[in-house]
Amino acid sequence: AAAPPPPPRPPAAPPVPAAQAGGLVGRGYEVQLLTERLRSAAGGRGGAAVIVGESGIGKSRLVEEVAAAASSLGLAVAVTRCPESGAIPPFWPAVQLAAQLDAAGVSAGPLVPPTGDGEAGPRTLFALYETVSNAMRTSSTPMLLVIDDLQWADGDTLRLLVHLASDLAAAPALVLVALRPPDD
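Residues numbered from 1 in each chain as written. Predicted model: local features only at pLDDT ≥ 70, side-chain atom pairs only at ≥ 80, totals over all residues. Heavy atoms only, no water.

Trainee: Honestly, the pairing of strand E3 (residues 143–148) in this entry has me stumped. Any pointers?
Mentor: On a regular strand, one side chain projects to one face of the sheet and the next to the other, so that they alternate. Counting buried residues in E3 gives six out of six residues, a clear majority hidden from the surface. Here E3 shows two buried faces, one formed by Met143, Leu145 and Ile147 and the other by Leu144, Val146 and Asp148. One ladder, built from six bridges, connects strand E2 (residues 76–81) with E3; its direction is parallel. Note on E3: the bridge partner recorded for threonine 80 is isoleucine 147. Across five bridges, the pairing between E3 and strand E4 (residues 173–179) is parallel. (Buried < 20%, exposed > 50% of the residue type's maximum accessible area, 1.4 Å probe, protein only. Helix = DSSP H or I, 4+ residues; strand = E, 2+ residues; numbered from the N terminus. Pairing = 2+ DSSP bridges.)

Trainee: Please explain the side chain of aspartate 156 as it appears in this structure.
Mentor: Looking at the secondary structure, you find aspartate 156 in helix H5 (residues 155–165). Judged by its relative accessible area of 17%, aspartate 156 falls in the buried class. A distance of 3.0 Å separates the side chain of aspartate 156 from the side chain of arginine 159, its partner in a polar contact. With near-sequence residues (within four places) excluded, aspartate 156 lies in contact with Pro90, Phe91 and Tyr129. (Polar contact = N/O pair within 3.5 Å; in protein donor to acceptor, adjacent residues only side chain to side chain. Contact = heavy atoms within 4.5 Å.)

That is the geometry; function is a separate question.
Below is the structure:
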């Protein structure tokens with residue numbers, strides 16, 4: 001007996017015309033793919049996306065287009081970048097994103113990372129991670145969170161992102177990061 005045919009695939013989102021994509025040349029596929037991810041986040045099925053490319057290739061410009069698309073779809077948008085200096089306190093990008101969301105009336109309040117000269121203990125860090133994760137999962141507002149130049153992020157921010165990754169599917173959020181390849 002022959003196997004039954006696979007179920008039909010849902011239709012793909014309509015393509016994004018070049019004029020709608022801000023005239024980005026050669027990025028139509030990426031804009032369309034990320035717009036589909038934004039629509040999923042708006043529907044409560046979030047996730048993460050990574051843009052990797054050499055310096056000057058247009059990562060930040062693509063991020064701008066995706067942020068504009070998110071706004072047009074009704075998502076709250078928060079964007080930050082990691083400075084090359086590396087002279088930032090732990091969790092600085094996350095604090096910046098939370099402040100933008102708070103100013104837009106989306107979050108439960110500012111993100112307050114552990115303070116002090118010594119490293120925070122595992123319980124303190126886990127509590128912070130869970131606070132951020134719970135806020136994202138329970139948000140009634142879909143959102144796009146962007147960290148550009150992630151290659152310069154502090155270790156605490158990277159660990160927070162790793163923790164959040166497992167919860168994003170149940171959150172109305174797309175976390176988009178852009179970075180240079182490791183050897184750039």
